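Examining the three-dimensional arrangement
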Amino acid sequence: HDMWEADGGIDEYLKAYDRVRTVLLRQRDRGQAPGIEALRRQYAPSRVRAAIQSFKGGTSTGYCNLTIASLKDAPDEVLEALCESMAQAAFRCVGPDRDFVNLLNLLPKKASDYRTIATMISTWRIMLKISCEELRRWDDVVAHPWDSAKRGASISRNVFTMAMKASTANANGKDTLQLLW
């Protein structure tokens, strides 16, 4: 609660989300983003079922209490309704309401580093699984050289290098500011 209050509260986050959504809707209206039929193909039952099947058997339940395992044998009617819901959400640029409260977790990497994962609702995880290659290509294009979240980056190396530069600047009488987000 204190964190939200210090940063302007959830209202500031929702305003930023609305600004992004407005840009995406403008792009869609100009034909620069996929239309509903393209999104229905992207979230077609065969693709959604393949994405569901690709999760490991022990995949944890999203905080929505819907297990991905329970969807593996879902009847076609259920899967078709889920697919339409996904396509409509993407078309309207509306994520699940509870997406605003993804739970962030730090998991240790093999080489003594950490990575952040988000615990989110199961249907959102499936949508991201289907879109992951497209999102990775976008990440590769827009990632900043110092971005510790980009593929192959080391948060420890980046943090150490930034701290060293800040210490050197401070030792030379300069002020520094580091933003963590």
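The rules behind these values
Residues numbered from 1 in each chain as written. Predicted model: local features only at pLDDT ≥ 70, side-chain atom pairs only at ≥ 80, totals over all residues. Heavy atoms only, no water. Helix = DSSP H or I, 4+ residues; strand = E, 2+ residues; numbered from the N terminus. Contact = heavy atoms within 4.5 Å. Salt bridge = Lys/Arg side-chain N within 4 Å of Asp/Glu carboxyl O. Patch = residues over 30% accessible without salt bridge, like charges linked within 9 Å, V, L, I, M, F, W, Y side chains within 5 Å. Areas by Shrake-Rupley, 256 points an atom, 1.4 Å probe, with all protein chains shown as cover. Buried < 20%, exposed > 50% of the residue type's maximum accessible area, 1.4 Å probe, protein only. Phe/Tyr/Trp six-rings, centres within 6.5 Å; stacked < 30°, edge-to-face > 60°. Lys NZ or Arg CZ within 6 Å of the ring centre and 35° of its normal. Arc of directions from axis to C-beta. Bend = angle between axes of the 7 residues up to and from the residue. Axes fitted to C-alpha atoms, helices over the stretch in contact; angles between N-to-C directions. Parallel < 35°, antiparallel > 145°, perpendicular 65-115°, else oblique. Nonpolar A, V, L, I, M, F, W, Y, C, P; charged D, E, K, R; others polar. Core = buried A, V, L, I, M, F, W, Y, C linked by side-chain atoms within 4.5 Å. pLDDT = per-residue confidence, 0-100.

Moving on: the overall build of the protein. Per the secondary structure count, the protein includes eight helices and two strands. Counting helices and strands in the order they occur from the N terminus, the protein gives α-α-α-α-α-α-β-β-α-α. Once local pairs closer than 6 in sequence are excluded, the contacts in the protein between residues at least 24 apart make up 62%.

Attention shifts here to the pattern of salt bridges. With the rule as written, the count across this model stands at four salt bridges. In this structure, Asp29 engages Arg28 in a salt bridge whose closest nitrogen and oxygen atoms are separated by 3.2 Å. One salt bridge connects Arg40 with Glu84, and the closest N-O pair in it is separated by 2.9 Å. With Arg40 in helix 3 (residues 36-42) and Glu84 in helix 6 (residues 76-91), this residue pair connects regions lying 44 residues apart in the sequence.

What follows is about a nonpolar patch on the surface. A cluster of nonpolar residues, Trp138, Val141 and Val142, forms a patch on the protein surface that exposes about 350 Å² of accessible area. Relative to the helices and strands, Val141 is located in helix 7 (residues 122-142). Relative accessible area serves as the criterion here: at 69%, Val141 is assigned to the exposed category.

Right, let's get into the side chain of Lys72. Relative to the assigned elements, Lys72 resides in helix 5 (residues 68-72). Not counting residues up to four positions away in its chain, the partners in contact with Lys72 are Arg49, Ile52, Gln53, Phe55, Lys56 and Gly57.

How two aromatic rings sit relative to each other is set out by the distance from centre to centre and by the angle between their planes. Tallied over the full model, the rule gives zero aromatic pairs. In this structure, Lys129 is placed above the aromatic ring of Phe55, and the distance from its NZ or CZ to the ring centre is 4.7 Å.

Before going further, it helps to spend a moment on helix 4 (residues 45-54). Of all the residues in helix 4, the buried ones are Val48, Ala51 and Ile52. The arc that holds the buried residues of helix 4, viewed along the axis, is 100°, so those residues lie on one side. Tucked into the core, helix 4 has its buried residues touching helix 5, helix 6 and helix 7.

Our next topic: helix 7. Considering bend angle alone, the principal kink of helix 7 is centred on Ser131 and spans about 60°. Each element contacted by the buried residues of helix 7 is listed here: helix 3, helix 4, helix 5 and helix 6.

Once that is clear, we can look at the packing of helix 6 against helix 7. Helix packing for two helices is described by the angle between their axes and how far apart those axes are. For the pair helix 6 and helix 7, interaxial distance at closest approach is 11 Å and the crossing angle is 75°. Looking at the two axes, helix 6 sits roughly perpendicular to helix 7. Mapping the contact onto sequence places Leu82, Met86 and Ala90 in helix 6 and Thr123, Ile126 and Met127 in helix 7. Residue composition of the contact of helix 6 with helix 7, by class: five nonpolar, one polar and no charged.

In terms of nonpolar packing, the biggest core is built from 19 residues, with Tyr43, Val48, Ile52, Met86 and Ile126 touching the most fellow members. Contributions of two or more residues to this core are made by helix 3, helix 4, helix 5, helix 6 and helix 7. When residues in this core are grouped by element, the largest group, five residues, is from helix 6.

On to the environment of Leu106, then. Here Leu106 lies in strand 1 (residues 103-108). For the pair Leu106 and Ile117, spaced eleven residues apart in sequence, the C-alpha separation works out to 6.4 Å.

With that settled, consider the environment of Ser70. Within the secondary structure, Ser70 sits in helix 5. A sequence separation of 18 residues divides Ser70 from Ile52, and the C-alpha atoms of the two residues are 9.6 Å apart.

Okay, the confidence of the model for the protein next. Mean pLDDT for the protein: 76, with 74% of residues reaching 70 or above. When the elements of the protein are averaged for pLDDT, helix 1 (residues 2-6) gives the smallest value, 44, and helix 4 the largest, 91.

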